[in-house]
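Below are the chains, spelled out letter by letter.
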Amino acid sequence: MTLTGVDYLFLALYFAFVLGIGWQLRAKVHSSGDFLLSSRQVPVWITSLAFLAANLGAQELVGMSASGAKYGIMTAHFYWVGAVPAMLFVGVFMMPFYYGSRARSVPEYLKLRFDEKTRGFNALTFATMTVFSSGISMYALGLLLQLVLGWSFTASVLLSAAIVLAYTFLGGLTSAIYNEVLQFFLIVFGFTPLAVLAVTKAGGWEGMASRIPAVMTHSWQYMSHSSQNPMGVEVFGLVAGLGFVLSFGYWCTDFLVVQRAMAADSMSAARRTPVLAALPKMMMPFIVIIPGIAALALSKMNIGYALPTKNGGYDYDQALTTLMAQFYPSGMLGVGLTALMASFMSGMAGNVTAFNTVFTYDIYQSYLRRGAPDSHYLKVGRLTTIFGTLLSIGTAYLAQRYNNIMDLLQLVFGFVNAPLFATFLLGMFWKRATGHGAFLGLLGGTAAAALTHGLSVAEDKGGWIAVVQTFPSTMAQNFWIAIFAWSTCFLVTIAVSLLTAPRPESELKGLVYGLTEMPQEPGRQWYLRPGPLAVAMGIALAALNIWFW
């Protein structure tokens, strides 16, 4: 991959622009609320795009393209089954509790609904997850800079960390949100031409389908048995593991994305944020997954393109970057690389801003120093940004063991988000759930995830206790880890709650369905109300699933 002066110019302009946003917004940061929460003043169109872009990091672009090459159009299930339904659910049903409770974070909601120990456990596991997710983004960009500039992996990781640290340290969450909107448009304009070029070169959709196995071009047709598809899952494993546990566990409870909706300037805007974000989310497979499928087809055409290899098999993580090197001319290559840089910064900055909020409010303020002046917590928030970035550098090296970083990311979600979703589901919709039940349920769910991973093996991952079950793919293993984690947490929480005393109903108003007055917006146009908007999105989603059946 050879860059010219115009390519470097695009990169330099982008770096200057994102740092400029952070520099301009620094003057508006006067309190810890400004730095960590944006003081709930961001317009809905900004929060909607940021809600989507926070999950559109380098691991999403590189990982989903890699999964497209590895699993085919079935990868679209991560969007059409594993994202959009949960996004609609959190907007319509769960945001009234988050936003209305005035909680500053998801762990703080757990404190209000349950107790301190449940909040503390979630704060620690969530902080760990954000460090892993940020490190995966850093690893992806490190690979890119290594490929483009020929630098060592270590130098690439350190440079990428320094860039994101600079603008998040200056402007906090507001800087991250506005940069995420910029990054969303860069990603769309940077990779849509690549998808068109790669598919055209492969002979269109029909041309690709003729060169790769039929299973790679159908999303549901080969799902009756796990042996029929490269993902190694059947309908139940996909719907229960990905579509329910992992999906709802991430989009409904992960503070990284919920934080964007909570920054909105009204309850209505907060509820519409994930619903509006669902529309571009549905379209993303055409930008990030289709190029991966095209890469596999092109590698079989003897035209000078081949997927790189790693550990005796394809290195799927390099599908996107090698396509760029093959098909983008000078100038356009700079735009594509800038979009990749943007995706990295979107993912890493999102994790860093979520980490510093949870650490500052839910760990430091709650357990280490209570009652300090707000200026002290602002200082701690800035220092935590540095600390979280340094921890992420370490996890970037762990990601080197995987040939598809989405496999590692879904594993982390299975340990943290899967049991947490069971806790939230019971906490928000069952007033009998107790703090003791929630805490022991989370412990049991996390332990179940560890046991499932330790007793099963897939692609030489897991089996560190004994090998009781072998899965055909790491992703299939991840889905079942999530299913067991969620089920265990759900059952343990119910059992312990029935044996312990619940809180009085008077203390649960605004926190539990049935004891909370849901927002009503009569007379407003349908497209300004979360319910009708969600129905329209659901119809579009059903059409996409049928089209690629």
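Chemist: Teacher, can you tell me more about the overall build of the protein here?
Modeler: For the protein, the helix and strand inventory stands at 22 helices and five strands. Over its C-alpha atoms the protein spans a radius of gyration of 22 Å, differing by no more than 12% from the 24 Å that the globule rule assigns to 549 residues. With respect to the principal axes defined by its C-alpha atoms, the protein has extents near 70 × 55 × 55 Å. Partitioning the intrachain contacts of the protein with sequence separation of at least 6 by distance along the chain shows that 81% fall at a separation of at least 24. Of the roughly 19200 Å² of accessible surface on the protein, a fraction of 67% belongs to carbon and sulfur atoms.

Chemist: I keep staring at the pattern of salt bridges and nothing clicks. Help me out?
Modeler: Pairs can form between side chains of opposite charge once their charged atoms are near each other. For the structure shown, the criterion picks out seven salt bridges. As a salt-bridge pair, K117 and D115 come within 2.6 Å of each other at their nearest N and O atoms. Among the residues examined, K117 registers a relative accessible area of 31% and is labelled partly exposed. Judged by its relative accessible area of 17%, D115 is buried. The partner of R119 in a salt bridge is D362, with the nearest N and O atoms 2.5 Å apart. Here R119 is found in helix α8 (residues 116-149), whereas its partner D362 is found in helix α17 (residues 332-368), with 243 residues between them in sequence. An identical accessibility class is assigned to R119 and D362; each is buried.

Chemist: Before we go on, may I ask you to explain the packing of aromatic side chains in this structure?
Modeler: Each aromatic ring pair is summarised here by two numbers: the centre-to-centre distance and the angle between the ring planes. Considering all chains together, one arrives at 27 aromatic pairs under this definition. Taking the centre distance of 5.1 Å and the plane angle of 40° together, the rings of F89 and F93 count as tilted. In this pair, F89 and F93 both sit in helix α6 (residues 84-100), four residues apart, roughly one turn of the helix. Overall, the relative accessible area of 33% leaves F93 in the partly exposed class. Arranged with centres 5.0 Å apart and planes meeting at 75°, the rings of F244 and W486 form a pair that is edge-to-face. Here W486 lies in helix α21 (residues 474-499) and F244 lies in helix α11 (residues 235-253), a separation of 242 residues in the sequence. Residue F244 is classed as partly exposed on the basis of its relative accessible area of 29%. The structure contains a cluster of three or more aromatic residues connected by ring pairs, namely F89, F93, F244, F248, F421, F429, W486, F490 and Y513.

Chemist: Mind showing me how you'd approach the sheet that holds strand β4 (residues 461-462) here?
Modeler: In space, the three strands of this open sheet follow the order β4-β3-β5, with mixed pairing throughout. Each end of this open sheet is capped by a strand with a single partner; those strands are β4 and β5 (469-470). Where strand β3 (residues 456-458) lies against β4, two bridges are found, and the strand directions are antiparallel. Counterpart to V457 in the pairing with β4 is G462. Relative to β3, helix α20 (residues 435-455) is tilted by about 65°, and along the sheet it contacts β3, β4 and β5.

Chemist: Help me understand the nonpolar core, please; the structure alone is not making it clear to me.
Modeler: Burial of nonpolar side chains together is a common tendency in soluble globular proteins. Membership of the largest hydrophobic core comes to 181 residues, with the highest contact counts inside it found for Y98, F191, F424 and F479. Here the element with the most residues in this core is α17; it accounts for 16 residues.

Chemist: Where do I start with the confidence of the model for the protein in this structure?
Modeler: Low pLDDT marks stretches whose predicted atomic positions should not be read closely. Here the protein averages 82 in pLDDT, while 92% of its residues score no lower than 70. The spread of mean pLDDT over the elements of the protein runs between helix α2 (residues 32-37), the lowest at 63, and α20, the highest at 94.

Chemist: What exactly am I supposed to notice about the side chain of T130 here?
Modeler: Along the chain, T130 turns up in helix α8. In this structure T130 comes out as buried when scored by relative accessible area, which is 2%. Beyond its immediate stretch of four places on either side in the chain, T130 contacts N351, A354 and F355.

Chemist: I tried to follow the packing of α11 against helix α12 (residues 255-262) on my own but got confused; where do I start?
Modeler: Describing two packed helices takes the angle between their axes plus the distance from one axis to the other. Where α11 contacts α12, the axes come no closer than 6 Å and their chain directions differ by 40°. With respect to their mutual orientation, α11 and α12 come out oblique. Facing Y250, W251, C252 and T253 of α11, the residues of α12 in contact are F255, L256, V257 and V258. Grouping the amino acids of the contact of α11 with α12 by side-chain chemistry returns seven nonpolar, one polar and no charged.

Chemist: How do you make sense of a nonpolar patch on the surface when you look at a structure like this?
Modeler: Together, V6, L9, F10 and L13 give the surface a local cluster of nonpolar side chains, amounting to about 350 Å² of exposed area. Inspection of the secondary structure assignment puts V6 in helix α1 (residues 5-25).

Chemist: Explain the packing of helix α13 (residues 267-283) against helix α22 (residues 530-547) here, please?
Modeler: The contact between α13 and α22 brings their axes to 10 Å, and the two run at 15°. By the criterion of interaxial angle, the relationship of α13 to α22 is roughly parallel. Note that α13 runs across α22; the crossing there is left-handed. Contact residues: R271, R272, V275, L276, A278, L279, M282 and M283 in α13; P530, L533, A534, M537, A540, L541 and L544 in α22. Each residue belonging to the contact of α13 with α22 can be placed in one class, and the counts come to 13 nonpolar, no polar and two charged.

Chemist: What's the story with α6 in this structure? I'm lost.
Modeler: Side chains of residues three or four places apart in an α-helix project in the same direction, reflecting 3.6 residues per turn. Spanning 17 residues, α6 covers 23 Å between terminal C-alpha atoms, matching the ideal 24 Å at 1.5 Å per step. For α6, the principal kink sits at M94 and spans about 60°; a proline, P96, occurs within the next four residues.

The rules behind the values
Residues numbered from 1 in each chain as written. Predicted model: local features only at pLDDT ≥ 70, side-chain atom pairs only at ≥ 80, totals over all residues. Heavy atoms only, no water. Helix = DSSP H or I, 4+ residues; strand = E, 2+ residues; numbered from the N terminus. Rg over C-alpha atoms; globule rule 2.2 N^0.38 Å. Contact = heavy atoms within 4.5 Å. Areas by Shrake-Rupley, 256 points an atom, 1.4 Å probe, with all protein chains shown as cover. Salt bridge = Lys/Arg side-chain N within 4 Å of Asp/Glu carboxyl O. Buried < 20%, exposed > 50% of the residue type's maximum accessible area, 1.4 Å probe, protein only. Phe/Tyr/Trp six-rings, centres within 6.5 Å; stacked < 30°, edge-to-face > 60°. Pairing = 2+ DSSP bridges. Axes fitted to C-alpha atoms, helices over the stretch in contact; angles between N-to-C directions. Core = buried A, V, L, I, M, F, W, Y, C linked by side-chain atoms within 4.5 Å. pLDDT = per-residue confidence, 0-100. Parallel < 35°, antiparallel > 145°, perpendicular 65-115°, else oblique. Nonpolar A, V, L, I, M, F, W, Y, C, P; charged D, E, K, R; others polar. Patch = residues over 30% accessible without salt bridge, like charges linked within 9 Å, V, L, I, M, F, W, Y side chains within 5 Å. Left-handed = near helix turned anticlockwise from the far one by under 90°. Expected span 1.5 Å × (residues − 1). Bend = angle between axes of the 7 residues up to and from the residue.

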